[in-house]
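Overview (structure and organization)
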Amino acid sequence: MAISEPPDGGYGWVVVMSAFFIMGLTAAVLKNFGIFFLDIQSHFGVLTSTTSWVTSTTIVMFHLGAPLASALTMHFSHRLVIVVGGLLSACGLLLASLDLGLPWLYLTMGVLQGTGIAFTWIPANSLVSHYFSRWRPIAYAAASSGECVFAVVFSPSFRWLIEAYGWQGALLVIGGLQLNLCVCGALMRPLEADDATEAPARRKVVFQFSLMGKPELLLYILYGVLAAVGFFVPPLFLVPFVSSLGTGSYWPAFLLSALALADLAGRLLCGWVANARLVRNLQLLATVVTLLGVVLLLLPVSRDYWTVLVFSALYGFLLGCAVAIHVTSIVDIVTLEGFDSGLGLFMLFRSIGGFFGPPAAGWLVDRTGDYSAAFYLSGVCLLLSAVFVGLVDRLVQRRKSSEAKVHQEVTSGKVNPRCRRLSSIRSW
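Residues numbered from 1 in each chain as written. Predicted model: local features only at pLDDT ≥ 70, side-chain atom pairs only at ≥ 80, totals over all residues. Heavy atoms only, no water.

1. Quick look at the overall build of the chain
Keep this limit in mind: Numbered from the N terminus, helices here are DSSP runs of H or I no shorter than four residues, and strands are runs of E no shorter than two. Computation of the radius of gyration draws on C-alpha atoms, with the globule rule given as 2.2 Å multiplied by the number of residues to the power 0.38. Burial classification: accessible surface area is computed with a 1.4 Å probe over protein chains only, and a residue below 20% of its type maximum counts as buried, one above 50% as exposed, and the rest as partly exposed. Here, residues are in contact when the closest pair of their heavy atoms is within 4.5 Å. Note on areas: these come from Shrake-Rupley sampling with a 1.4 Å probe, and a residue is covered only by the protein chains present in the view. Two residue types count as positive, namely Lys and Arg, and two as negative, namely Asp and Glu; His and chain ends fall outside the count. To locate a charge, the coordinates of NZ of Lys, CZ of Arg, CG of Asp or CD of Glu are taken.
Tallying secondary structure elements over the chain gives 16 helices and 0 strands in all. At 22 Å, the chain has a C-alpha radius of gyration in line with the 22 Å of a compact globule built from 428 residues. In the chain, which comprises 428 residues, the share counted as buried stands at 56%. Residue pairs in contact within the chain that sit at least 24 positions apart in sequence constitute 87% of those at least 6 positions apart. When the accessible surface of the chain is totalled, it reaches about 16,700 Å², and 68% of it is carbon and sulfur. Charge separation in the chain, taken as the distance between the mean sites of 26 positive and 21 negative side-chain charges, equals 10 Å.

2. Some remarks on the side chain of Arg-267
Filter applied, for reference: Distance and chemistry together define a polar contact, namely a pair of N or O atoms within 3.5 Å, with one atom able to donate a hydrogen and the other to accept it when in protein, and with adjacent residues in sequence counting only for side-chain atoms on both sides.
Turning to its location among the elements, Arg-267 is positioned in helix α10 (residues 251–275). We classify Arg-267 as buried; its relative accessible area is 0%. Here Glu-147 takes part through its side chain, which lies 2.9 Å from a polar atom of the side chain of Arg-267. Ignoring any residue separated from it by four or fewer positions in sequence, one finds Arg-267 in contact with Lys-31, Ala-141, Ser-144, Ser-145, Glu-147, Cys-148, Gly-320, Cys-321, Val-323 and Ala-324.

3. Some points on the packing of helix α9 (residues 215–243) against helix α11 (residues 281–298)
Condition: Lines fitted to the C-alpha atoms define the axes, with helices restricted to the stretch that makes contact. Angles between their N-to-C directions range from 0 to 180 degrees. Orientation is classified from the angle alone, with under 35 degrees giving roughly parallel, over 145 giving roughly antiparallel, 65 to 115 giving roughly perpendicular, and any other angle giving oblique. In this scheme the crossing of two helices becomes right-handed for a clockwise turn of the near helix relative to the far one and left-handed for an anticlockwise turn of less than a right angle. When residues are grouped by polarity, Ala, Val, Leu, Ile, Met, Phe, Trp, Tyr, Cys and Pro land in nonpolar, Asp, Glu, Lys and Arg in charged, and all others, Gly among them, in polar.
Between α9 and α11, the shortest axis-to-axis distance is 12 Å and the interhelical angle comes to 40°. Relative to α11, α9 is oriented oblique. Our pair here, α9 against α11, has a crossing hand that is left-handed. Of the residues in α11, those touching α9 at Tyr-220, Tyr-223, Gly-230, Phe-231 and Pro-234 are Leu-282, Leu-285, Val-289, Leu-292 and Leu-296. Residues belonging to the contact of α9 with α11 are distributed by class as follows: 9 nonpolar, 1 polar and no charged.

4. Topic: the packing of aromatic side chains
What counts, and what does not: Two rings belonging to Phe, Tyr or Trp (six-membered ring only in the last case) form a pair when the distance between their centres is within 6.5 Å. Interplanar angles under 30 degrees mark stacking, angles over 60 mark edge-to-face geometry, and anything in between is tilted.
Considering all chains together, one arrives at 17 aromatic pairs under this definition. Here Tyr-223 and Phe-346 contribute two aromatic rings whose centre-to-centre distance is 6.4 Å and whose plane-to-plane angle is 20°, an arrangement assigned as stacked. Taken together, the positions of Tyr-223 in helix α9 and Phe-346 in helix α14 (residues 339–368) put the pair 123 residues apart, joining distant regions of the chain. For the pair Tyr-223 and Phe-346, a shared accessibility class is recorded, and that class is buried.

5. Side note on a nonpolar patch on the surface
The condition is simple: A patch consists of residues exposed above 30% relative accessible area that lack any salt bridge, with like charges linked at up to 9 Å and nonpolar side chains (Val, Leu, Ile, Met, Phe, Trp, Tyr) linked at up to 5 Å. One speaks of a salt bridge when a side-chain nitrogen belonging to Lys or Arg is within 4 Å of a carboxyl oxygen belonging to Asp or Glu.
Among the surface-exposed residues, Val-294, Leu-298, Val-301, Tyr-376 and Leu-383 lie close enough to one another that they form a single nonpolar patch of about 400 Å² accessible area. Elements represented by at least two residues in the nonpolar patch include exactly α11 and α15 (372–411). You can see Val-294 is positioned in helix α11.

6. A word on the nonpolar core
Let me state the cut-off plainly: In this description, a nonpolar core means a group of buried Ala, Val, Leu, Ile, Met, Phe, Trp, Tyr and Cys residues linked to one another through side-chain atoms lying within 4.5 Å.
Counting residues in hydrophobic clusters, the biggest one holds 123 residues, and the most contacted among them are Phe-36, Trp-121, Tyr-220, Tyr-223, Phe-231 and Phe-237. Sort the elements by how many residues they give to this core and α9 lands first, with 18 residues. Look past the residues within four positions of Tyr-223 in its chain and what remains in contact with it is Phe-231, Leu-285, Val-289, His-326, Phe-346, Ser-385, Phe-388 and Val-389.

7. Comments concerning the pattern of salt bridges
Applying the stated criterion across every chain yields a total of 8 salt bridges. The partner of Asp-263 in a salt bridge is Lys-31, and the shortest N-O contact between them spans 2.7 Å. In this pair, Asp-263 sits in helix α10 while Lys-31 sits in helix α1 (residues 12–31), placing the two residues 232 residues apart along the sequence. Among the ionic pairs, Glu-216 bridges to Arg-399, the shortest N-O distance being 3.5 Å. With Glu-216 in helix α9 and Arg-399 in helix α15, this pair connects stretches of sequence that are 183 residues apart. A single burial state applies to Glu-216 and to Arg-399, both of which are buried. Among the charged side chains, a salt-bridge network with shared partners connects Lys-31, Glu-147, Asp-263 and Arg-267.

8. Quick word on the confidence of the model for the chain
In plain terms, the rule: For every residue, the predictor assigns a confidence score, pLDDT, that lies between 0 and 100.
Averaged over every residue, the pLDDT of the chain is 84; the share at 70 or more is 90%. For the stretch residues 194–203, pLDDT sits under 50, and the model shows 15 contacts to residues farther than four places along the chain or on other chains. With pLDDT under 50 throughout, residues 419–428 is counted as low confidence; its partners more than four residues away or in other chains account for 12 contacts.

9. Describing the side chain of His-78
With respect to the secondary-structure elements, His-78 resides in helix α4 (residues 78–96). A residue is classified by how much of its surface remains accessible, and His-78, at 11% relative accessible area, is buried. In contact with His-78, other than residues within four places in its own chain, are Thr-73, Pro-123, Ser-126 and Leu-127.

10. Focus on the state of the cysteines
Here is the rule we go by: Disulfides are defined as pairs of cysteine sulfur atoms found within 2.5 Å of each other.
Under the defined criterion, the tally for this structure stands at 0 disulfides. This cysteine, Cys-270, is not joined by any disulfide, and Cys-321 carries the nearest cysteine sulfur, 4.3 Å off. Taking relative accessible area as the criterion, Cys-321 reaches 6% and is therefore assigned buried.

11. Considering the environment of Ser-378
The residue Ser-378 is located in helix α15 in this model. According to the relative accessible area criterion, Ser-378 is buried, its value standing at 0%. Between the alpha carbons of Ser-378 and Phe-231 there is a distance of 7.9 Å; along the sequence they are 147 residues apart. Setting aside chain neighbours within four positions, we find Ser-378 in contact with Val-229, Gly-230, Val-233, Pro-234 and Leu-296. Of the polar contacts made by the side chain of Ser-378, one reaches the backbone oxygen of Ala-374; its length is 3.0 Å.

Shown next, in the form of structure tokens:
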């Protein structure tokens, strides 16, 4: 498939703005599910591990729906898939507010909401990457910052809604708010093809499962599986952990707001660093993920609210740095032509960590009677994931060095073009 040259601006900034709101109405809502955790657990009188399956189901459906979202985007359009995703997300929370039992929450907040997030989040990220090349890191950082900006507002707002209307009424209001995802989807205008002959070719594109043969992508998927534990578990257990320290009902919510502000700063700063090409994306990601693991291991050591606040802010900042570049780094691994399929495969397998991480952390909490166990599990997983990012970086650099050497030999007349094509096929 021929890909149109990214315009690096123009209507692309409208796409970034729309993606900004999509991130806020999906990822920020998911990140603040922890505020509902204790209320739902108390309402049904179940264990921590049992309650965590609600969020776990949401996360796994978000990831399992990614390849389907990518395939549907290729076959139809970004706009249509996002609108459908908005309807699924809104219906998930609206139906969850009926409070028909815990399994009902697994189906509505889990399956419907998770699939809806996948159908909005994946196409939004994809279209931003297609509209930008030189400014891709900055554009993605700006779009993904919607998650942080909305999270700052959502944390105390959700707490207020729960106290005013109960957790069921809060879900009803949030579900209605998510209907705005359909408006965001309507703004997602597809990137025009270079010429009329490319339009039929664009519709015939298929999902590239063959990318699984690339060792760089396989190692990056292993990073994603382990990192998912460190990305999704801490926000879920941070509110219960701080509440166990004897703080008021609003203090944990403000902690999430501080985390979101630090997350925003990390995304924008790391996006600028990546755009300036001061350091390789994968090299930067390995460093950030390592520091993130260390911070999570230290966070539960203190039992003082203000110390936990400092470590939470550090966690948020480093998480923002990682999120700003870990999706766009897929382009370095599979190129822009394979980005949609590569992102879908990455999200599909990352669901393993997202699905088993929260329940595993909840089981450890039930066994130890201490929420600290959830943070120790996350920290160890992140440190291990950083090793795989380092290996991917080495493989990518080796591949680029080999391709540059072949190109130099071809231009100097030492290798004929046919050999160059065979070398490119082998490297792929």
